[in-house]
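Coordinate analysis (summary)
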Amino acid sequence: MRRALAILTGAVALAAASPAASATVSAAPGAGRLTWAVCSDTELPAPMECASLDVPVNWAEPGGRTIRLDLARLPATEPARRIGSVLGVPGGPGSSGIDDLKRAAPDLRELGRRFDLVGYRPRNNVWSESMPAICEKPATALEDPRGRKRFDAQAAAMAKAFRDCRLADPTGLFSHLDALSVARDMEAIRAALGEERLSFMANSYGGVTSVAYARLFPQRIRALYVDGVVNHSAGWNDQVLRLSVAMERNFGKFTGWCAATPACALHGEDAGAVWRALVRAADREPIPATSPEFGEGEVTGWQLRQLAFAPDPGPDDVNWLTFAESVDKARRGDGSGFGAWVLGNTRVWAMPGVLAMTCADGRGFAHYDELRNYRRAVEKALPNLGSVRFDGLGCTGWPLKVANPSRPLPPDGLPPLLGAGSMHGDLVGTESFTRMVRGSVSVIYEGHGHALYLMGKKCPIRHATAYLTELKLPAPGTTCPAE
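Sequence positions are assigned chain by chain, starting from 1 and proceeding in written order. Residues qualify for local features only when their pLDDT is at least 70, as the model is predicted, and side-chain atom pairs are given and counted only at 80 or more; totals for whole chains, interfaces and linings, by contrast, use all residues. Excluding hydrogens and water, the side-chain figures rest on all heavy atoms present in the structure.

With that out of the way, let us pick up helix H15 (residues 427-434). For an α-helix, 3.6 residues make a turn, and residues three or four places apart therefore share a direction. Working definition: with a 1.4 Å probe on protein chains only, accessible area under 20% of the residue-type maximum means buried, over 50% means exposed, and in between means partly exposed. Helix and strand labels come from DSSP, where a helix needs a run of H or I of at least four residues and a strand needs a run of E of at least two; each type is numbered from the N terminus. Judged by how many residues are buried, H15 sits mostly within the fold: 6 of 8 residues are covered. For H15, the set of buried residues is Leu427, Gly429, Thr430, Ser432, Phe433 and Thr434. The secondary structure elements touched by the buried residues of H15 are helix H6 (206-216), strand S7 (221-227), helix H7 (236-260), strand S10 (418-422) and strand S11 (441-445). We call two residues in contact when some of their heavy atoms are within 4.5 Å.

Strand order in the open sheet formed by 10 strands is S1-S2-S3-S5-S4-S6-S7-S10-S11-S12, with mixed pairing between adjacent strands. Only two strands of the sheet have a single partner each, and these edge strands are strand S1 (37-38) and strand S12 (479-480). Following DSSP output, two strands are said to pair if at least two bridges run between them. Two strands pair when backbone bridges link them, and strand S3 (residues 66-74) and strand S5 (residues 115-120) are joined in this way by 4 bridges, in the antiparallel orientation. The residue of S5 that forms the bridge with Leu71 is Tyr120. Here an axis means a line fitted to C-alpha atoms, over the contact stretch when the element is a helix, while the angle between two N-to-C directions is reported on a 0 to 180 degree scale. Each of strand S2 (49-56) and S3 is contacted by helix H3 (residues 123-130), which is oriented at about 115° to S3, the strand it contacts most. Relative to the sheet, helix H16 (residues 458-470) contacts S5, strand S6 (198-203), S7, S10, S11 and S12, its axis offset from that of S7 by approximately 170°.

Trans peptide bonds make up most of the peptide bonds, and negative phi angles are found at most residues other than glycine. In this structure, Pro93 follows Gly92 across a cis peptide bond, with omega equal to -5°. Note on placement: Pro93 falls in the loop between strand S4 (84-89) and helix H2 (97-104). Within the chain, Ser204 stands out as a residue other than glycine whose phi angle is a positive 55°. Relative to the helices and strands, Ser204 resides in the loop between S6 and H6.

The next thing to look at is the environment of Pro311. Within the secondary structure, Pro311 sits in the loop between helix H9 (301-304) and helix H10 (318-331). C-alpha separation for the pair Pro311 and Met423, spaced 112 residues apart in sequence, amounts to 11 Å. Look past the residues within four positions of Pro311 in its chain and what remains in contact with it is Met247, Asn250, Trp320, His424 and His448.

This next bit is on the confidence of the model for the protein chain. The predicted coordinates should not be examined in detail at positions where pLDDT is low. Each residue carries a pLDDT score, the predictor's own confidence in it, on a scale running from 0 to 100. The predicted model of the protein chain averages 90 in pLDDT, with 93% of residues at 70 or higher. Counting interchain partners and residues more than four positions distant, the pLDDT-below-50 stretch residues 1-30 has 92 contacts.

Right, let's get into the state of the cysteines. Disulfide: a pair of cysteine sulfur atoms within 2.5 Å of each other. The full count for this structure, using the stated rule, is 5 disulfides. Residue pairing for Cys39: its cysteine sulfur links by disulfide to Cys50, the two sulfurs lying 2.1 Å apart. Here the S-S torsion is close to 95°, and the disulfide linking Cys39 with Cys50 is therefore right-handed. Of the two residues, Cys39 sits in the loop between S1 and S2 while Cys50 sits in strand S2, which places them 11 residues apart along the sequence. We note that Cys39, like Cys50, is buried. Put simply, Cys459 and Cys480 are joined by a disulfide, and their sulfur atoms are 2.0 Å apart. On the sign convention where negative is left-handed, the bridge of Cys459 and Cys480, at about -70° about the S-S bond, is left-handed. With Cys459 in helix H16 and Cys480 in strand S12, the pair connects residues that are 21 residues apart, well separated along the chain. You'll find Cys459 and Cys480 in the same group, each marked buried. Disulfide connectivity for the protein chain, with bonded cysteines indexed by sequence position, reads 1-2, 3-4, 5-6, 7-8, 9-10.

Taking 1.5 Å per residue, 15 residues should reach 21 Å; helix H5 (residues 179-193) reaches 21 Å between its end C-alpha atoms and fits that length. The buried fraction of H5 amounts to 13 of the 15 residues, a majority that puts the element mostly inside the structure. Nitrogen and oxygen atoms within 3.5 Å of one another constitute a polar contact, given that in protein one can donate a hydrogen and the other can accept it, and given that sequence-neighbouring residues count only through two side-chain atoms. A side-chain oxygen of the first residue of H5 lies 3.2 Å from the backbone nitrogen of Leu180; this N-cap is Asp178. In the stretch just after H5, Gly194 is the one whose phi turns positive, near 80°. What a helix is expected to span follows from its residue count: subtract one and scale by 1.5 Å.

For Phe, Tyr and Trp, where Trp contributes only its six-membered ring, two rings pair if their centres lie within 6.5 Å, and the inter-plane angle classes them as stacked under 30 degrees, edge-to-face over 60, or tilted in between. All told, the structure shown has 25 aromatic pairs when counted by the stated rule. Taken together, a centroid distance of 5.2 Å and an interplanar angle of 65° make the contact between Trp302 and Phe390 edge-to-face. On the criterion of sequence distance, the pair formed by Trp302 in helix H9 and Phe390 in helix H14 (residues 390-394) is long-range, its members being 88 residues apart. When its relative accessible area of 5% is taken as the criterion, Trp302 is described as buried. On the numbers, 6.1 Å between centres and 25° between planes, the contact of Phe309 with Trp320 is stacked. Note that Phe309 is positioned in the loop between H9 and H10 and Trp320 in helix H10, a separation of 11 residues in sequence. Trp320 shares its class with Phe309; the two are buried. Here the aromatic residues Phe251, Phe254, Trp257, Trp275, Phe309, Trp320, Phe323 and Phe338 are joined through ring pairs into a cluster of three or more. Only when the NZ atom of a Lys or the CZ atom of an Arg is both within 6 Å of the ring centre and within 35 degrees of the ring normal do we say a charge sits over the ring. Stacked on the ring of Trp236, the Lys or Arg Arg363 has its end atom at 4.4 Å from the ring centre.

Next comes the structure, spelled out in C-alpha cells:
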C-alpha cells in the first residue's frame, strides 16, 4: 500500500528509514535536550547524527501514552559561524523528513555551513509504518455520488471503516494525526534543540503543518521557506480549484503540442474535443481497464478528469506521448493506459488509515449540498479537468470532530516568508500562502517540478539559502529559469 500511495499521489514514499538512534530523550514528553550520536542505520551517511524524542500521543493528555519520533541532523560545517538549526517540514502527509534530508543534503551544502540541518519522522509517518492491516483495507469503491442517497451510502461505508480502524489501533494515533498535533511535536523538537527561534523548510503537504505551527507559535519562527505547499488556511476546495486552473492551462499547451507534433496519437484531430468526448462517454459507460498492480476494473469520466493528465511533457515529450496514446486506446475501449493511476487512487483514497492523516484537518464534504455546489462550480470553471477529488470524497463520513479546520492566520506576529514553486502548477498554492504575510515573496520557477529544493534545483535553493542565512528576500517577481 505504501508503495502504491507514493506512486499514485506523487507524494514522497511513505516507507521511511528507521534510524534507530542510539540516544533517546526519555524524560517527560518534550522535555530536556537531545543527545546526538552516530546513526545506527548504515544507510544514513556520515556525518549524519541521530537522536529520538518522546512526545504525547494526545497533547491534551501530556502524562498519557507517548510515541517516539526519530530525528537526524547534519551539523553545521562551520560551527564558529553557526546561526542555529533549520528543521525540514515534510509533505505527504506521511513522508519522512529524514529521507528528505538524506535526499537533499548534497544540494544544501551551502546552507549547511552555518546551520544544523535537521529532519524527523513525523507522527503520521510513524503511523504509516504501524497502522493495523484493517486500516489499509478500502472501505468501498469510491464514486462521485449523483444523489443524496448514494452520498449517504458512501459516507456510511467510510464511517464504518474509520470506526473499525480506530478500534483496531493500539497506539491511539488514529485520533491524533491532525496538523495541530504535528505542530506541537515540532515545538517540542524546537525546545529539545535548545533554539529560542527556529528556521524551517517546508514542502508540499508540509504547508498544512506550517500553517498550524504559525498559528500556535508565531513567536518561535525565525524564518520559513515554503516550497510547492498547500495553503490550508484558504480551505481545501480553494487550493484544489487553484491547482486545477493551472492544470487547465497546461492541458491547453498539450493540445497545441499535439496539433504540431505528428508523433502524437491524436495528431490531426482536435485533441481537446477527443478528450471531452471520451470523458462524456466514460461517464455513460465505464471503460474496462487492467493494471498489473491493481487487476481488472473500469474507468469513468469522473476518474479521468482527476489529474490523469501530466503537466510535464517529460524528456522527449514521453509523458504527453503516453497520455495521447492512452486516450486513443481508451476511446477504442481499452482504458488500461489509465488503469494503474485510476484503479489505485480509487482504492488508496478509500483506505481509512491513509485518510486519517488528513480528514481531521477538514478535508472532505460535510453534507451532500456542499459536494453538489462544489461540483457545479468546478465543472463549470474547468471544462477538461474539473472534478470532485478522490481524497475529499474519502473523508466523507469522518467520525471525529475536525480538530484543525481551515481558517485565516492571525494578521500579525510572523516574519516575512519566502516561497517557491513551479509556474506550471504548485506555485499557485505557494503564492496564496506567502500573500498571507506582509512583505513576503514567492520565487517563480519557470520549469516543471514539485518541492524544488528536494529536486536539487539550484536557483530556488540559492534564494532559500540567502533568505535563511541573511533574512534577505529577493525582489517581488523574481524568476528562476528551468533547469
